[in-house]
Amino acid sequence: MKNVLFAASECVPFIKTGGLADVVGSLPQCLDKEEYDVRVIIPKYMCIDQKWKDQMTYVNHFYMDLNWRKQYVGILELEYEGIKFYFIDNEYYFAGSTPYSTERYDLEKFAFFSRAVLSALPIIGFRPDIIHCHDWQTGLIPVYLKDSFSDGEFYQGIKSIMTIHNLKFQGKWDIDTVKDLAGLADYYFTSDKLGDYDDGNYLKGGIVYADKVSTVSRTYAEEIKTPFFGEGLDGLMRARSNDLWGIVNGIDYTDYNPETDDKIYQNYSDANFRKMKVKNKVALQRDLGLEVDPKKMMIGIVSRLTDQKGFDLISCVMDELCQDAVQFVILGTGQEQYENMFRHFDWKYGNDVSANIYYSEELSHKIYAASDAFLMPSLFEPCGLSQLMSLRYGTLPIVRETGGLSDTVEPYNEYENTGTGFSFKNYNAHEMMGTIRYAEHVFYDKKRNWNKMIERAMKADFSWKQSAKQYEEMYESLF
Ligand code: ADP
Ligand code: GLC
C-alpha cells in the first residue's frame, strides 16, 4: 500500500474554474484502492460553498515561518465519497470571491500554500510516498522537498510528480520578489533551476526538481518539446523527456452520464438517443428563447472565453456562419472582447444565437445533452475535457487537431464510415468554417451516417479506467 497526496489549487466538487478541478476531483476515485491511499489537499478558499464548509472538521493549526513572515496555518478535513480531503486555512490568503486574483498576489498565496502543505504533513499524520503536484501553483513543492524539507526521517524519500495541465501558466515574477516570497536562496535562481531570464519561475522549479513530470495527453507531451507550444520551456521539456509522461485525461462517468444525469431535461442512452436526445434540444431552445425547431442543427460552446480556445477564429466568420441553418448556444466567461462578441451576435441573431456569459454547471450539462455538435477550435489544448463530455452525450465535436483534441476525436471518414467528430488542421478561420459546413452537410443530408457517428461517440470509452492504470505505472516507476 502506498500513500499518495494530490496537491492542487482547485478540485471538484469544492471549487472549480476549469478542467484542472475535474481531474483533481475525479482521478483519485479511480486509482486502485487496494494499492493506493490517495488523499487531496487544497486551499480553504472563502468562496467555497457554505454547504461544504459546514461539513469540514478542524484538525489542528500552527504558525509557520516563511522567510521573514510568520503565518497561521489551519488544517481542516472532510471525507467525500470515500476520499479524504484536507484544506489549508488562512483567511488572509484565501479570501476573495474567486480562487485567483492578480499574478503577483497569487505567487505569494501559493508559495504559502506549498510550504504549508509540507509543514502540515507530520501534524495530520499522513506521510505520502508520493506528492502529486498539479500546475504552477504547486510547483514549489518539489523544490522545497529537496531544500528545507530534505532532512529528517519524515520527509526523506518522499517522491514528487509534477503534472502540467497548461504550460501557458507558469507563475513567474522578478527574481528578487520570488526569492522573498518563496524564501529560497540565490542558489536556486540560475537558468538550470528556477531562473528564467530575470524572473523566478515556479513551474520551472517543479519540472526541474520533480522525480517525474507528466502532462495530460500524448500529443501535448510531444508538442511542448517544440518552441511554439513550449512557452519558453521547450528546452527543459526535451531535457526531461525521459521522465515525461503523456497521459490523457478521463472524465467522471457517473457525473457525466446521459442515462442518469438529473441536470438534463430528458435522459437517453446509446440505444434510444435517436428519439430521446432531441427532446433536450427543444426544451433548451424554449428555455433560452431560441426558435423552437427540432430539425435545426444546434452547435454548443462551453468554455473559458480566452485566446487559447480559438475564439479569434470564430469571431472572423461568425457573421457568415449565422447565415447558415444553425443555432449557436454559448456558455462561458473570460476575455471581454469575446464576451462582447457573443453578446453582439445574440443581439443581432436572437432567434439562433444564445450567449450566456456566466458560469453554470447545470446549463453546461444541458448544452452537452441538447446540442448536435460542439465547437472547440483551440489554438492549443493540453487535453480538453469538454469534447470528452460532448462525446459522452453523443454531441459530435468539431475540433482543431492539436494536443488532446487530436488524441480523443477521431475525424469522420465518409468512405469508411468511421469517426466520432470533425477536425481541421491549420489555425485558419476559413478552414474551420469549411469543416463546420461539412458537418452541417452530414447532419442535414446524411442523417444515417450522423447517427452512426453518435453511436460510436457514445460507446467510446473516456472514463478514467485506462488512464488511471497509466498513472499507477508512473507511480511504480518511481520505486
Ligand atoms: P480548460 O481546463 O482549459 O478550461 P477543459 O475542457 O479541460 O478546459 O475543461 C473545462 C471545464 O470547465 C469543463 O468541465 C467545462 O464544462 C467547464 N466549464 C467551462 N466554462 C464553463 C462555464 N461557463 N460554466 C460551466 N462550466 C464551464
Ligand atoms: C487545462 C487545459 C485543458 C485540460 C485541463 C485538465 O486547463 O487547458 O486542456 O483538459 O487543464 O487537465
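All figures in this text were calculated on a predicted structure; none of them were measured in a lab.

**Here we look at the sheet that holds strand β5 (residues 83-89)**
Then, number 1: Across the sheet, which stays open at both edges, the 9 strands sit in the order β3-β4-β5-β2-β1-β6-β7-β11-β12 with mixed pairing between neighbours. Looking at the sheet topology across the chains shown, the edges are occupied by β3 (57-66) and β12 (244-246). In this sheet, adjacent strand axes meet at a mean angle of 25° when their direction is disregarded.
Then, number 2: By the bridge criterion, 9 bridges tie β3 to strand β4 (residues 69-80) in an arrangement that is antiparallel. Each residue of the ladder has a partner; that of phenylalanine 62, found in β4, is valine 73.
Then, number 3: Contacting β7 (159-164) and β11 (212-215), helix α6 (residues 202-209) runs over the sheet at an angle of about 130° to β7.

**Description of the pairing of strand β1 (residues 2-7)**
Sheet faces and side chains relate simply in a regular strand, where the side chains alternate between the two faces.
Then, number 1: For β1, the tally of buried residues reaches 5 of 6 residues, placing the bulk of the element in the interior.
Then, number 2: Between the parallel elements β1 and strand β2 (residues 36-43), the chain passes through helix α1 (residues 19-30) in a crossover that is right-handed.
Then, number 3: In this structure, β1 lies alongside strand β6 (residues 130-134), joined through 4 bridges in parallel fashion. Bridging across to β6, alanine 7 finds its partner in cysteine 133.

**Considering helix α11 (residues 311-321)**
Then, number 1: Taken together, the buried positions of α11 are occupied by Phe311, Leu313, Ile314, Val317, Met318 and Leu321. Down the axis of α11, the buried side of the element spans an arc of 150°, and every buried residue falls inside it.

**Some remarks on the nonpolar core**
Then, number 1: Counting 163 residues, the largest nonpolar core has Ile207, Phe328, Phe342 and Trp450 as its most contacted members.
Then, number 2: In terms of residues, this core owes the most to one element, helix α3 (residues 103-124), which gives 11 residues.
Then, number 3: If we skip the residues at most four places from it in the chain, phenylalanine 328 touches Ile299, Met318, Leu321, Cys322, Asp352, Val353, Ser354 and Leu375.

**Comments concerning the packing of helix α16 (residues 429-445) against helix α17 (residues 447-459)**
Then, number 1: It is the contact of α16 with α17, at a shortest axis distance of 5 Å, that shows an interaxial angle of 105°. On the basis of the axis angle, α16 is roughly perpendicular to α17. Packed against α16, whose contacting residues are Ala439, Val442, Phe443 and Asp445, the element α17 presents Lys447, Trp450 and Met453 at the interface.
Then, number 2: Here the contact of α16 with α17 is composed, by residue class, of 5 nonpolar, no polar and 2 charged.

**Things to note about the site of ligand 1**
Then, number 1: In the vicinity of ligand 1, 21 residues are found, and the nearest of them are Gly19, Arg304, Lys309, Tyr368 and Leu385.
Then, number 2: One nitrogen or oxygen atom from the side chain of lysine 16 is found 2.9 Å from an oxygen atom belonging to ligand 1.
Then, number 3: Interatomic distance of 2.8 Å between a backbone N/O atom of leucine 385 and an oxygen atom of ligand 1.
Then, number 4: Starting from 560 Å² of accessible surface for ligand 1 in isolation, the protein chains cover 93%.
Then, number 5: Classifying every residue of the shell around ligand 1 gives 8 nonpolar, 9 polar and 4 charged.

**A look at the pattern of salt bridges**
Then, number 1: Evaluated as defined, the whole model comprises 31 salt bridges.
Then, number 2: Lysine 70 is the salt-bridge partner of aspartate 65, the closest N and O atoms lying 3.2 Å from each other. Exposure class is identical for aspartate 65 and lysine 70. Each is exposed.
Then, number 3: A salt bridge links lysine 212 to aspartate 243, with the shortest nitrogen-to-oxygen separation between them at 3.2 Å. With a gap of 31 residues between them, lysine 212 in strand β11 and aspartate 243 in the loop between α9 (234-239) and β12 connect regions that are remote in the sequence.
Then, number 4: Each of Arg69, Arg104, Glu108 and Asp180 takes part in a single network of salt bridges with overlapping partners.

**Regarding the sheet that holds strand β8 (residues 172-174)**
Then, number 1: Here we have 3 strands laid out as an open sheet, ordered β8-β10-β9, and antiparallel in their pairing. The open sheet is flanked by β8 and β9 (195-196), the only strands paired with a single partner.
Then, number 2: Where β8 lies against strand β10 (residues 199-201), 3 bridges are found, and the strand directions are antiparallel. In the strand pairing of β10, aspartate 174 is matched with aspartate 199.
Then, number 3: Seen against the sheet, α6 touches β9 and β10 and runs at an angle of roughly 50° to β10.

What counts and how
- Residues numbered from 1 in each chain as written.
- Chains lettered and ligands numbered in written order.
- Predicted model: local features only at pLDDT ≥ 70, side-chain atom pairs only at ≥ 80, totals over all residues.
- Heavy atoms only, no water.
- Pairing = 2+ DSSP bridges.
- Helix = DSSP H or I, 4+ residues; strand = E, 2+ residues; numbered from the N terminus.
- Axes fitted to C-alpha atoms, helices over the stretch in contact; angles between N-to-C directions.
- Contact = heavy atoms within 4.5 Å.
- Buried < 20%, exposed > 50% of the residue type's maximum accessible area, 1.4 Å probe, protein only.
- Right-handed = clockwise from strand over helix to strand, strands pointing away.
- Arc of directions from axis to C-beta.
- Core = buried A, V, L, I, M, F, W, Y, C linked by side-chain atoms within 4.5 Å.
- Parallel < 35°, antiparallel > 145°, perpendicular 65-115°, else oblique.
- Nonpolar A, V, L, I, M, F, W, Y, C, P; charged D, E, K, R; others polar.
- Near = heavy atom within 4 Å.
- Polar contact = N/O pair within 3.5 Å; in protein donor to acceptor, adjacent residues only side chain to side chain.
- Areas by Shrake-Rupley, 256 points an atom, 1.4 Å probe, with all protein chains shown as cover.
- Salt bridge = Lys/Arg side-chain N within 4 Å of Asp/Glu carboxyl O.

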